[in-house]
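Residues per chain are reported as follows:
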Amino acid sequence: MHSILFSANPEQARMEDIINHLKNHKMVYFNVNYPINWDQFIFPMMGFIHITGTGQVQCCVEISNIETYRDEHYENEELKPPEWRVRWLENPNEIRSKGKCAYIITGLTKFEYKTTELIRSNGEPVTHAPEGYIKIIAPYGEEAFQSAVQYASPELPEEGPINRQEKNVVLTTSYPRKPKYSKEALVKAQYKCEHDNSHKTFTHPATGKNFMEAHHLIPMEFQEYFVNSIDFPENIISLCPNCHRAIHKADFNEIEKMITTFCGKRLDSLKKRGIKVSLKKIISYYKD
Ligand SMILES: [Zn+2]
Ligand SMILES: [Zn+2]
């Protein structure tokens, strides 16, 4: 699920106002003073609101869509908490001229998270409080972790035992995958790397075969785009761990080459499963 990190000024946007308003009207329009290209997002998406000055995310919201800002947003009492409409009328600091976009918020959960523990979609950590908007992935999961390792500066902790950290809160939702379908893909590939069938790994005790990993050609995070499931053997590629890392992490030209080869044999079988998609589209899923 896509997520976005953005800021609120505590004097202008109290979380309690949003919560109260949501109880009655089921949605709140939250204005931001930068334009946003909403083609880049799949809705609903998650928003993390960072409260200016604290470095902390203080709540997580569900964003059902983004609209271009209009004055009517303030004039319609179903769209704004009463307190925000009062400010609109009084117009301190010329707030009326500042809106560019409105996030349509349909749910809010409170929680605390340091902005610097979030990871951008390009794998870099968030280092400053957001100014514009930042597309982020939640700080959990192997992918996010391995990306964070690449961008982190090395550090040796002080000598001696280290207190363990609090458990992470899992922030994103995802579509489950059936291990059986992935296994079917590995069996069908005869436990060979589909990028280069000479790649040797090690014998896994469970299968007694060359260890391979399952990669979804249309990645599961794009399930939102399709009415039918994309979790089936024809969408799954058997890759050695090295090539699996490469298809996620390599230089984009290299990734593009790999995908083009894999798609050649598979677009038809995807279609039979009710997934109509072009090579170009699949490649675009890997651009982020
Ligand atoms: Zn993968
Ligand atoms: Zn390989």
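Residues numbered from 1 in each chain as written. Chains lettered and ligands numbered in written order. Predicted model: local features only at pLDDT ≥ 70, side-chain atom pairs only at ≥ 80, totals over all residues.

Describing the nonpolar core
- Formed by 29 residues in total, the largest nonpolar core has its most connected members in I4, L5, I49, Y103, I105 and I136.
- Apart from the residues within four sequence positions on either side, I49 is in contact with F6, A8, V57, Q58, C59 and V61.
- Formed by 18 residues, the second largest nonpolar core is a distinct cluster that contains A185, C193, L239 and I275. (Core = buried A, V, L, I, M, F, W, Y, C linked by C-beta atoms within 7 Å. Buried ≥ 20, exposed ≤ 12 C-beta atoms within 10 Å, placed from the backbone. Contact = placed C-beta atoms within 7 Å.)

Some thoughts on the confidence of the model for the protein
- The predicted model of the protein has a mean per-residue pLDDT of 84, with 88% of residues at 70 or higher.
- Mean pLDDT across the secondary structure elements of the protein bottoms out at helix α4 (residues 142-151), with 62, and peaks at strand β11 (residues 236-239), with 95. (pLDDT = per-residue confidence, 0-100. Helix = DSSP H or I, 4+ residues; strand = E, 2+ residues; numbered from the N terminus.)

What to know about unusual backbone geometry
- Within the chain, K26 stands out as a residue other than glycine whose phi angle is a positive 65°.
- Secondary-structure assignment places K26 in the loop between α1 (15-25) and β2 (28-32).
- Since 12 C-beta atoms lie within 10 Å of it, K26 is described here as exposed.
- Unlike most non-glycine residues, Y191 shows phi in positive territory, near 55°.
- Examined against the element boundaries, Y191 turns out to sit in the loop between α5 (179-188) and β8 (203-204).
- A tally of 19 C-beta atoms within 10 Å means that Y191 is categorised as partly exposed.

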